Number of protein chains: 2
Amino acid sequence: MNPNIFYNSHHSPAGAFASFTLGFKGASGGLGIELAGPACQNVFIGAESTADGVFKALPFYEDKQADNQPAGGGDRWQKAVINQFNDGEITREITPACDIWRAGELEFKIYTPFLPIPDPVWVNYAHPYIGKRHTLKTTVIPAVFVELTLDNTAHPHPRKAFFGYEGNDPYSAMRRISIDNKINGVGQGRITGIFTDGTAVDCALAFSASELLVDDIAGRLPFGLGTTGLTIMTAGANEKRTWRFAVCFYRGGVVTSGKEASYLYTRLFKNIEDVARYGLENFELYKQAADDFDKVILQNQPADERRFLLSQSIKSYYGSTQLLVDEDKKEPLWIVNEGAYRMINTLDLAADHLFFEMRMNPWAVRSILEQYAEDYSYYDDVKDGSGGRFPGGISFTHDMGVMNAFSPRFKSAYELSGLTGCYSYMTQEQLVNWILCAGVYWNGTGDGHWLKNHKRIITRCLTSMLNRDGPDDAVRDGVMDMDSCMTGGGAEITTYDNVDKALGQARRSSYIAVKCWAAYLALEKMFTALGLKELAAIAAKQAEKCAATILKYKRDAGIIPAHLEEGNEAMTLSVVDGLIFPYTMGMFDDSEFINKYNDFVNALKKHFETALAGGCKFDSGAWKMSLTSDNSWPSKTFLCQSVSEKIFGLGVDRQADKAHASWLLDPENAFFAYSDQIIAGKALGSKYYPRGVTCILWV
Amino acid sequence: MNPNIFYNSHHSPAGAFASFTLGFKGASGGLGIELAGPACQNVFIGAESTADGVFKALPFYEDKQADNQPAGGGDRWQKAVINQFNDGEITREITPACDIWRAGELEFKIYTPFLPIPDPVWVNYAHPYIGKRHTLKTTVIPAVFVELTLDNTAHPHPRKAFFGYEGNDPYSAMRRISIDNKINGVGQGRITGIFTDGTAVDCALAFSASELLVDDIAGRLPFGLGTTGLTIMTAGANEKRTWRFAVCFYRGGVVTSGKEASYLYTRLFKNIEDVARYGLENFELYKQAADDFDKVILQNQPADERRFLLSQSIKSYYGSTQLLVDEDKKEPLWIVNEGAYRMINTLDLAADHLFFEMRMNPWAVRSILEQYAEDYSYYDDVKDGSGGRFPGGISFTHDMGVMNAFSPRFKSAYELSGLTGCYSYMTQEQLVNWILCAGVYWNGTGDGHWLKNHKRIITRCLTSMLNRDGPDDAVRDGVMDMDSCMTGGGAEITTYDNVDKALGQARRSSYIAVKCWAAYLALEKMFTALGLKELAAIAAKQAEKCAATILKYKRDAGIIPAHLEEGNEAMTLSVVDGLIFPYTMGMFDDSEFINKYNDFVNALKKHFETALAGGCKFDSGAWKMSLTSDNSWPSKTFLCQSVSEKIFGLGVDRQADKAHASWLLDPENAFFAYSDQIIAGKALGSKYYPRGVTCILWV
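Calculation criteria
- Residues numbered from 1 in each chain as written.
- Chains lettered and ligands numbered in written order.
- Predicted model: local features only at pLDDT ≥ 70, side-chain atom pairs only at ≥ 80, totals over all residues.
- Heavy atoms only, no water.
- Contact = heavy atoms within 4.5 Å.
- Buried area = accessible area lost by both parts, 1.4 Å probe.
- Salt bridge = Lys/Arg side-chain N within 4 Å of Asp/Glu carboxyl O.
- Polar contact = N/O pair within 3.5 Å; in protein donor to acceptor, adjacent residues only side chain to side chain.
- Nonpolar A, V, L, I, M, F, W, Y, C, P; charged D, E, K, R; others polar.
- Helix = DSSP H or I, 4+ residues; strand = E, 2+ residues; numbered from the N terminus.
- Buried < 20%, exposed > 50% of the residue type's maximum accessible area, 1.4 Å probe, protein only.
- Pairing = 2+ DSSP bridges.
- Axes fitted to C-alpha atoms, helices over the stretch in contact; angles between N-to-C directions.
- pLDDT = per-residue confidence, 0-100.
- Expected span 1.5 Å × (residues − 1).
- Bend = angle between axes of the 7 residues up to and from the residue.
- Least-squares fit on C-alpha atoms with pLDDT ≥ 70 in both.
- Phe/Tyr/Trp six-rings, centres within 6.5 Å; stacked < 30°, edge-to-face > 60°.
- Lys NZ or Arg CZ within 6 Å of the ring centre and 35° of its normal.
- Left-handed = near helix turned anticlockwise from the far one by under 90°.

A. Looking closely at the interface of chain B and chain A. Counting from both sides, the interface comprises 54 residues of chain B and, opposite them, 54 residues of chain A. The junction of chain B with chain A conceals about 4,200 Å² of combined surface from both sides, 59% of it contributed by carbon and sulfur atoms. Along the contact surface separating chain B from chain A lie four salt bridges. For Glu260 of chain B, the salt bridge identified is with Arg190 of chain A, shortest N-O distance 2.9 Å. Inspection of the chain B/chain A interface yields 18 residue pairs in polar contact (both at pLDDT 80 or more). The class makeup of the residues in the side of chain B that touches chain A is 25 nonpolar, 17 polar and twelve charged.

Below, the structure written as structure tokens:
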């Protein structure tokens, strides 16, 4: 595994679409809200060295501060010397909910407690995960937590420590903040800030950090024009001292267009000062929660590379989350923004985030299902390859909009007609994704009330599934044959929109077929629970047909081609992805299911082993989703790994884990924290991305 | 005058701190809110040429659009060819409330109606200026207005026209907007947008403008990921057609820190769609208002260079204005942000903006006076040059904060102790500025109620004035002798904080002395009106002493030195600035005043003429505020010009006007619209600045 420690991590509250990003050298991190990438601010974390008047800092700023001396009058402002620690002096320890930097006698710990959020619709909901019951306010606080320690026990003179940043919001100024004379901090406008409840802390602004570290800055404290804000503390002679910080975010008012919604936390916190006060009052609770979270996620003591991947993925997931309240309907909206692309609740990602949220916040899955059901479904016709047009049915849009702009109802921001590749419709893929999210949500929560309320739409989903297979039962083989007429003269694609044709084309795709099989199984189970035996039987029969068709196209070597068509020889690993859904719904514990699909699962296992041995691997040992593309997606690889380990019973491919971790740690990729389109080792898309949280399936 | 027409102008509503900036080539303008400079967006304004499928546009975008073709699938998107008009094809005509671009058969007119705003405290206040009575809602609408005309009468085929932009807000997406199917537009998030009520207008997003100008874009209309938004219209064969646009801005919620305040317009408009609807419904009213405004400002038919300077200055002033409501006190707050520096209501600028606001919105002057009186005054001690410390008195801070961050009460963002130049205290200067604003406000409005309510603070101002002259009457000579102890070991400065020592040092400054003289006269008049005869007499006596002292230091050649000290030989034009205040208060119509100060005014005139002839002029004919500095401030030059013309009765120096206009038109300066620190012809500070509105005194 790449030994690089200078990679960015998203340190994020839940649902605030905010991040205190840190780790990549230079002005590469900082406090961001709603951004497509790291905020790219200078962050100053350091302490006085034992050499008089010289300071040392972690390397998270550009080592050239602007020289804004006052013009005229001949005044010169004093400056202290700040050097960056050498790489060799710095260590880093990352866990899912912590990130610890140590350099010399300085320690800087970031805690992201990731408390499960009580269902905002039923806030007295006792959450199953951590076991403790926290209030909605406690869990949605838009803050992360920091402890900065300076161990001065070996030195007989007092030494300063500091933490601060230079914001870059285009609209508002850096400022000093004092709350009731108990909490002090520096921030930018109303949106970001760092606050401490430590005593005798100086908070000040200047044009450069070095101006604030000279001996006497009493006269500089009122200055409001400075662009850099620091909190400056002192550890006494022979004293070890720790200061606690809340790194806070706040965006007030309506933030979205199309649909008017505000952050839910604005209902509970009046402004960023209120966040800081509450965060510091409950600091120990949050610290404990971070510890508890780590214990759960790391319960199986994963090897270093998996620990890193879990930590990095979970942090990046939270950085994209956004919990809003629809101002018209007064309903909570759970949103996961699509990383650097910032599309709202992209449904093919939701089907991957599902496994994480079923552990943390199952109501979040329900929220997304309902948002799609209510505003982002549509009905289409379908077409065969020879000019025929037939009834289609319901499906769901690719997304709900982008960058805080909700699309008009029933439209995604992404999908266009007339295309055969990227930006085409994903009608079949999103239909199965919604069904699978519904099945897993209902199965995992036992929320029969929800199921009953959605009987009609689930029934429509079955009709739509059937119609995409073929216009009548006689020609149906369980596999998608009909493209949506929404594509005009184009064709449907899958979530793998820019990998290659083997994974990109939806029609007759074996990857889609296995997901259809899983969707039919989910439908069967839901219809059975609803007492709709006839529909359950139709779904069951379609699942059988689908499995039989897939087996029919199996080649002699055991390979299932990417497209279930004569002559197709393309080879992908992703065929097996869909197995994870019946597994998650507990079907693999059911002997009847096992008996029925034993051959099918074994055939997929055989395919998988053959493909992996037959070229679906990079030289580094990293897995390759499609033989004919160098574009591999770690999130989907993690899914495949889970299928391999949990369903096929194969061992952990530690070499692959190391290679995947090394991708993210590559200095060329490490700026964007977690990235999910790695083309021959380089991140070329899907940066700063939430999707890697599929690795929760390892736990 | 420089013939360059490609200079940026702020096209701004009143009080929205927003601008549709346009005129400098490249991605140099656009729709900005609360910014330090132009938004630097691509703006697309153009039409189909008569050559088939080729478009021509004004040069307000980078001529290299990103080539975001969809990856994978092999789809290629069509693009039209857009060429920029050649410089020679383009003409521009600017007036205070309009800006008209013509190129080929295209005409693009921007209207900024600048309606006087009814006193928000007394919204039924009948305003004296334009004579018509408009509602608060009508006048504070955060929009400017555009007419785009394509004259296709000579062509037998339909031709398209377009207007759009590529926003760059970091937090929100570009979007298409349709309001009740009557108004359509494109915008970014909730904050900026362009809207038209034209029929059959296509609004769409793409990665480049050229994708949206191909023949059939019906299939592209729903796309939400595009970064560029266009409105696309068609003039029929042999048809001349005009489309009307509202270019709108909106910032919801609390926008300031320190004090919580929101834009007043958010009380009257729900969101940007609401602004667009109202703006287009009342389009003709706004167009008429722009025409009316121009008629008033240009009533004396000024020469081209003055017309340009008036137009450019007034537009830049409005771009910095911000009308908020304090959310705690529910009081309106009028704010002028200090251009690129964005300091809030800098008081030394307020004393210059005064003349414009007394014509437009006298209540805005009162608002600033009261904000200072309530939250941004302070009391100090003063010091002599030899260690003595004496009682001082009230003064006012330099500003109220910066970039939407109000400073703590009684503190500016700017002032620091221990300095002798930039960022030092301006205690004496701001004290006279507040007194002069008060005097001009009361005198101009006859608001005796206000005067009575402020009797106490005005009395304190006199005490403070006296104490800065000297600790007792015996040593007082009407001129500032004592620096504020707020300066620590430093010294007070004037508004000319980085010109040179001649203008920068406040103590014994003749520039400050003339302003003190004016302030004593204002105090005398106010005390008389309040029936406080004794105080009026003290003020009158101080004014006399001050004038006598200034005369005493007059050198043989008639020069009044920059500092009223033996041996000082520095020469400035700005000595005469302060004369404008008694002139504005009508004192020059009073024969008693004329008799009393005839010698004094003549001495200042003699000084002025001698200085102008003796080196206070650049080679270009531009005036120089201080002989020993190349840093000249047009706003203050305009003041001096007004004194020269209105008080000294000297003629218009047209060569100077041409040189000042040429400064702003210089391609190196023209990006920042109006700039106010021109160092040897180059703008090096005070960019995108409101202060040039002193030229209203020419009218």
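Having seen the structure, we can now continue with the description.
B. Focus on the side chain of Glu273 of chain B. Checked against the element boundaries, Glu273 of chain B lands in helix α2 (residues 272-281). Residue Glu273 of chain B is classed as buried on the basis of its relative accessible area of 16%.

C. Summary view of the pairing of strand β21 (residues 389-396) of chain A. All names here are of chain A. In this sheet, β21 lies alongside strand β20 (residues 377-383) in antiparallel orientation, the contact comprising seven bridges. Bridge assignment links Val382 to a residue of β21, and that residue is Phe390. What sits between β20 and β21 in their antiparallel hairpin is a turn of five residues, with Gly387 showing a positive phi close to 90 degrees.

D. Just the sheet that holds strand β5 (residues 81-84) of chain A, in detail. Residues and elements named next belong to chain A. Overall, mixed pairing links the six strands, which are arranged β5-β4-β3-β10-β15-β14 in an open sheet. The strands lining the two open edges of the sheet, one partner per strand, are β5 and β14 (202-206). Averaged over all pairs of adjacent strands, the angle between their axes in this sheet comes to 25 degrees, without regard to strand direction. The sheet contact formed by strand β3 (residues 42-48) and strand β10 (residues 159-166) spans six bridges and is antiparallel. By the bridge assignment for β10, Ala47 is matched with Ala161.

E. Local environment of the confidence of the model for chain A. Mean pLDDT over chain A stands at 95; residues scoring 70 or higher make up 97%. Contacts of residues 124-131 of chain A to residues separated by more than four positions or lying in other chains number 20 contacts, the stretch itself having pLDDT below 50.

F. Helix α5 (residues 347-360) of chain B, seen in detail. Residues and elements named next belong to chain B. With 14 residues, α5 extends 19 Å from end C-alpha to end C-alpha; this agrees with the ideal 20 Å at 1.5 Å per step. A maximum bend of about 50 degrees is found in α5 at Leu354. Within α5, 13 of the 14 residues are buried, which leaves it mostly tucked inside the rest of the structure.

G. Geometry of the relation of the copies chain B and chain A. Relative to chain A, chain B is turned by 180 degrees and slid 0.0 Å along the rotation axis, the superposed coordinates differing by an RMSD of 0.0 Å. When the rotation and shift are considered jointly, the pair of chain copies conforms to a two-fold rotation axis. Looking at the rotation axis and the C-alpha trace of chain B, the residue lying nearest is Gly253 of chain B, at 2.6 Å. Take the interface residues of chain B: 100% of them recur as interface residues in chain A, which is what a same-surface contact looks like.

H. Looking closely at the environment of Phe648 of chain A. All names here are of chain A. Here Phe648 is to be found in the loop between α15 (634-647) and α16 (654-665). Since its relative accessible area comes to 5%, Phe648 is described here as buried. Dropping the residues within four chain positions of it, Phe648 is found in contact with Val576, Leu579, Val601, Leu604, Lys605, Phe608 and Val643.

I. Seen up close, unusual backbone geometry. With a phi angle near 55 degrees, Asp180 of chain A is a residue other than glycine that sits in the positive phi range. Mapped onto the secondary structure, Asp180 of chain A falls in the loop between β11 (174-179) and β12 (183-188). Positive phi, close to 60 degrees, is recorded for Cys40 of chain B, a residue that is not glycine. With respect to the element layout, Cys40 of chain B can be found in the loop between β2 (30-33) and β3 (42-48).

J. Up close: helix α11 (residues 510-530) of chain B. Residues and elements named next belong to chain B. The terminal C-alpha atoms of α11, which comprises 21 residues, lie 30 Å apart, in line with the 30 Å expected from a rise of 1.5 Å per residue. In terms of residue burial, α11 counts as a mostly covered element, since 17 of its 21 residues are buried. Where α11 begins, the capping side chain belongs to Ser509, and its oxygen is found 3.1 Å from the backbone nitrogen of Tyr511. Gly531 lies just past α11 and shows a positive phi near 75 degrees.

K. Layout of the pairing of β3 of chain B. All names here are of chain B. A large share of β3 lies buried, amounting to seven of its seven residues. Here β3 pairs with strand β4 (residues 54-57) via three bridges, running antiparallel. Within β4, the position partnered with Glu48 by the bridge is Phe55. Once β3 ends, the chain turns through five residues before running back antiparallel as β4, passing Gly53 with a positive phi of about 70 degrees.

L. Just the packing of aromatic side chains, in detail. For the coordinates displayed, the defined rule picks out 93 aromatic pairs over all chains. Among the aromatic side chains, those forming a connected cluster through ring pairs are Trp517, Tyr583, Phe588, Phe593, Tyr597 and Phe600 of chain A. One cation-aromatic arrangement involves Lys624 of chain A over Phe618 of chain A; the distance from NZ or CZ to the ring centre is 5.3 Å. Of note, Arg251 of chain B hangs over the ring of Tyr171 of chain A, and the distance from its end group to the ring centre comes to 4.2 Å.

M. Summary view of the sheet that holds strand β24 (residues 483-484) of chain B. Strand order across the open sheet formed by three strands is β21-β20-β24 (chain B), with antiparallel pairing between neighbours. Pairing within the sheet leaves two strands with one partner each, and these edge strands are β21 (389-396) and β24 of chain B.

N. Up close: the environment of Thr228 of chain B. Mapped onto the fold, Thr228 of chain B is located in strand β15 (residues 228-235). Taking C-alpha positions, Thr228 of chain B is 46 Å from Asn433 of chain B, a pair spaced 205 residues apart along the chain.

O. Structural view of the packing of helix α6 (residues 362-375) of chain B against helix α7 (residues 427-445) of chain B. Residues and elements named next belong to chain B. The interhelical angle for the contact between α6 and α7, taken along N-to-C directions, is 140 degrees, at an axis separation of 10 Å. Judged by the twist between their axes, the crossing of α6 over α7 is left-handed. Only Trp434, Cys437, Ala438, Tyr441 and Thr445 of α7 make contact with α6, whose side of the interface consists of Pro362, Val365, Arg366, Leu369, Tyr372 and Ala373. For the contact of α6 with α7, a count of residues per class yields nine nonpolar, one polar and one charged.

P. Highlighting the pattern of salt bridges. Residue and element names in this part refer to chain B. As enumerated under the stated definition, the model contains 87 salt bridges over all chains in all. Note that Lys545 is salt-bridged to Asp473, the shortest N-O span being 3.3 Å. Residue Lys545 is found in helix α12 (residues 533-552), and its partner Asp473 is found in the loop between α9 (455-469) and β24; the two are separated by 72 residues along the sequence. Under the relative-accessibility criterion, Asp473 is labelled partly exposed at 35%. Between Lys617 and Asp653 there is a salt bridge, and its shortest N-O distance comes to 3.5 Å. Note that Lys617 is positioned in the loop between α14 (591-613) and β25 (631-632) and Asp653 in the loop between α15 (634-647) and α16 (654-665), a separation of 36 residues in sequence.

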